[in-house]
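Chains, contacts and geometry: an overview
Letter by letter, the chains look like this.
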Amino acid sequence: MERKKIAIVGGGITGLSAAYYLQKQIKASQLAVEVQLVEASDRLGGRIHTIKKDGFTIERGPDSLLARKPEAMGLAKELGLEEEIVYNGTGQSYILVKNKLHKMPKGAFMGVPKELKPLLASNVFSLKGKLRALWDLVLPKSKEIDDQSVGTLMRHRFGNELVDYQIDPLLSGIHSGDIDQMSLQATYPMFHRLEQEHGSLIKGLQKTMSKPTKKAKEKKTQGMFFSFENGLETLIERLEEKLADGTVRMNTAVDHIEKKEHGYHLLLSNGEVYRADAVIMTAPHNKVPKMLSQYDFLKKLYDIPATSTANVVLGFDQSAIKKDIDGTGFLVSRSEKYRITACTWTHRKWPNTTPEGKALFRLYVGKPDDQDIVNLSDEEITDIVLRDMNKTMKIKAKPEFSIITRFKEARPQYHVGHLERVAEIRANAARELPGLFLTGSSYDGVGIPDCIGHGRNSAEEVLAFLNK
Ligand code: FAD
């Protein structure tokens, strides 16, 4: 029997997970199927990128995996990485409001209050702001609508103060986006359900999220996030090791894809044509229309916006930090005259990353209304970041190094209507391009655990397609 061929476009976590789960299934069921992963750059991992420098472990992209999502932890254990897992240090985190660092109120989930005491005791909010937040307990539930922005729901239930000072910095920060444009259904559908089922988000959280048991409290001191002793790229390296020889081609871009009577021809940047029976497309959505330029319906992918951010890693000698803060980091409220959006004390949050006597900080720039900052030079960005840092800490010496990583139009935004937009594009793809699957962080979830799930699901879908 002739072997079927599956091409995977892109060697980030989604593509590598797809290749891994495909080969696992191929082996288990002894299928006559070959997998070829094609990666444009000279390395695997995509946005996941760890480097080592002078004893520091530095993440140029993402730095952590959410432990409560099972996909990443499951895969890490399956790959034998359990011994290398490290959890984040759980110090105090802060929020920068009115030019001052305030302790992040406890008893909240994704910035949404669950417990009233910490909200009422917090000095971040005015009395009026606190009372307005409590309206959530008495306001009737909103009318069922298809979608709305996360900001619309939160502002309606809690008022602007709680949103601007607590919910927005966290949620907009996670997505490098704008809470007032972010689709509730595509990002946090649970808040829609809580409002509909319990009439109040506070009551809904209280009813559905049980009080932590003693054991859970102990676990909490372990941290909600994990990485690996040698950084996140450990996961990428181990996945690569597990793939059959010859699975991966690097330094090879897919330039164009033609649908043929049977399957697809992928025109590669080295001039070769790879013939595949099915394609898993994990390259970012805004790269797809060019590869399949003959299909106008794919131009709708450009309607999914992508923001730009840069991440700045600064290494210091500990003695340079004259006024330090007892904590792991802070988020900046959008109304502040700061250009950084967040700052992590990486040496505290991830002590394994930093040699004794040194300090490592990680900062983000690139608010939705400050996108051009990523086009400044390294020196200019470093100066801006240091100026902002010095407003809260006293730093007496220049950093020993500054490493800047730009992500230009690389953070997909799930704006209101995202699910419908994606469903329409996928329905057209299923009709016009059967056997070509669009997956990855642009569509159904941006977190790395989500992407592992996307890879695993697309592996199942493509095998079901070939089996038809
Ligand atoms: P990518 O990693 O973008 O991989 C796509 C690959 O496709 C790339 O390697 C690219 O070179 C390749 N490619 C593109 N075009 C072609 C072509 N024509 N031919 C062949 N190959 C091509 N998530 C978390 O869970 N935790 C975090 O802490 C976190 N922090 C983040 C911080 C930053 C700064 C960013 C940008 C993201 C962060 N995320 C985080 C999100 C997460 O990192 C991404 O959603 C995820 O890594 C995306 O993986 P992917 O495989 O879908 O895409």
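Calculation rules
Residues numbered from 1 in each chain as written. Predicted model: local features only at pLDDT ≥ 70, side-chain atom pairs only at ≥ 80, totals over all residues. Heavy atoms only, no water. Helix = DSSP H or I, 4+ residues; strand = E, 2+ residues; numbered from the N terminus. Polar contact = N/O pair within 3.5 Å; in protein donor to acceptor, adjacent residues only side chain to side chain. Contact = heavy atoms within 4.5 Å. Near = heavy atom within 4 Å. Areas by Shrake-Rupley, 256 points an atom, 1.4 Å probe, with all protein chains shown as cover. Salt bridge = Lys/Arg side-chain N within 4 Å of Asp/Glu carboxyl O. Buried < 20%, exposed > 50% of the residue type's maximum accessible area, 1.4 Å probe, protein only. Phe/Tyr/Trp six-rings, centres within 6.5 Å; stacked < 30°, edge-to-face > 60°. Lys NZ or Arg CZ within 6 Å of the ring centre and 35° of its normal.

So, on to the side chain of aspartate 450. Tracing the chain through its elements places aspartate 450 in helix H16 (residues 448-467). Polar contacts involving the side chain of aspartate 450 include one to the main-chain amide nitrogen of glycine 447, which spans 3.0 Å. Look past the residues within four positions of aspartate 450 in its chain and what remains in contact with it is Lys69 and Gly445.

With that settled, consider the site of the ligand. Around the ligand, 31 residues are found, and the nearest of them are Thr14, Glu39, Arg47, Val446 and Ile448. The side chain of threonine 14 places a nitrogen or oxygen atom 2.7 Å from an oxygen atom of the ligand. For the ligand, a nitrogen atom lies 3.1 Å from a polar atom in the backbone of alanine 40. Relative to its free-state accessible area of 1,000 Å², the ligand is covered by the protein chains to the extent of 89%.

A few words on the pattern of salt bridges. Scanning the model with the defined rule gives 24 salt bridges in all. Note that aspartate 164 and arginine 155 form a salt bridge whose closest N and O atoms lie 3.0 Å from each other. Accessibility expressed as a relative area gives 26% for aspartate 164, which makes it partly exposed. A salt bridge links arginine 406 to aspartate 378, with the shortest nitrogen-to-oxygen separation between them at 2.7 Å. Of this pair, arginine 406 sits in strand S23 (residues 401-412) while aspartate 378 sits in helix H14 (residues 378-390), placing them 28 residues apart in sequence. With a relative accessible area of 38%, aspartate 378 lands in the partly exposed category. Sharing partners across several salt bridges, the network here consists of Arg155, Asp164, Asp168, Asp178, Asp180 and Arg334.

In this structure, lysine 103 sits in strand S8 (residues 100-103). On the basis of relative accessible area, lysine 103 is assigned to the exposed category, the value being 53%. Sequence spacing of lysine 103 and glutamine 92 is eleven residues, and the spatial spacing of their C-alpha atoms is 6.9 Å. Setting aside residues no more than four positions away along its own chain, lysine 103 makes contact with Gln92, Ser93, Tyr94 and Val124.

So, about unusual backbone geometry. Positive phi is not limited to glycine here, since aspartate 54 has a value of about 45 degrees. Structurally, aspartate 54 is set in the loop between strand S3 (50-53) and strand S4 (56-59). By relative accessible area, aspartate 54 is classed as exposed at 60%. One non-glycine residue, serine 176, lies in positive phi territory at about 45 degrees. By secondary structure assignment, the location of serine 176 is in the loop between helix H6 (160-175) and helix H7 (184-187).

Looking now at the packing of aromatic side chains. Taken as a whole and assessed by the stated rule, the structure comprises twelve aromatic pairs. Between the aromatic rings of tyrosine 20 and tyrosine 21, the centroid separation amounts to 5.1 Å while the plane-to-plane angle is 70 degrees, which identifies the pairing as edge-to-face. Residues tyrosine 20 and tyrosine 21 agree in their burial class; the two are buried. Ring centres 5.9 Å apart and planes at 65 degrees place the aromatic pair phenylalanine 330 and tryptophan 345 in the edge-to-face group. Separated by 15 residues along the polypeptide, phenylalanine 330 in strand S19 (residues 329-332) and tryptophan 345 in strand S20 (residues 340-345) bring together distant segments of the chain. Across the pair, tryptophan 345 and phenylalanine 330 agree in class, each one buried. Counting every residue linked through ring pairs, the aromatic cluster contains Phe316, Phe330, Trp345 and Phe361. Geometry around tyrosine 264 places lysine 259 over its ring, the cationic atom sitting 5.7 Å from the centre.

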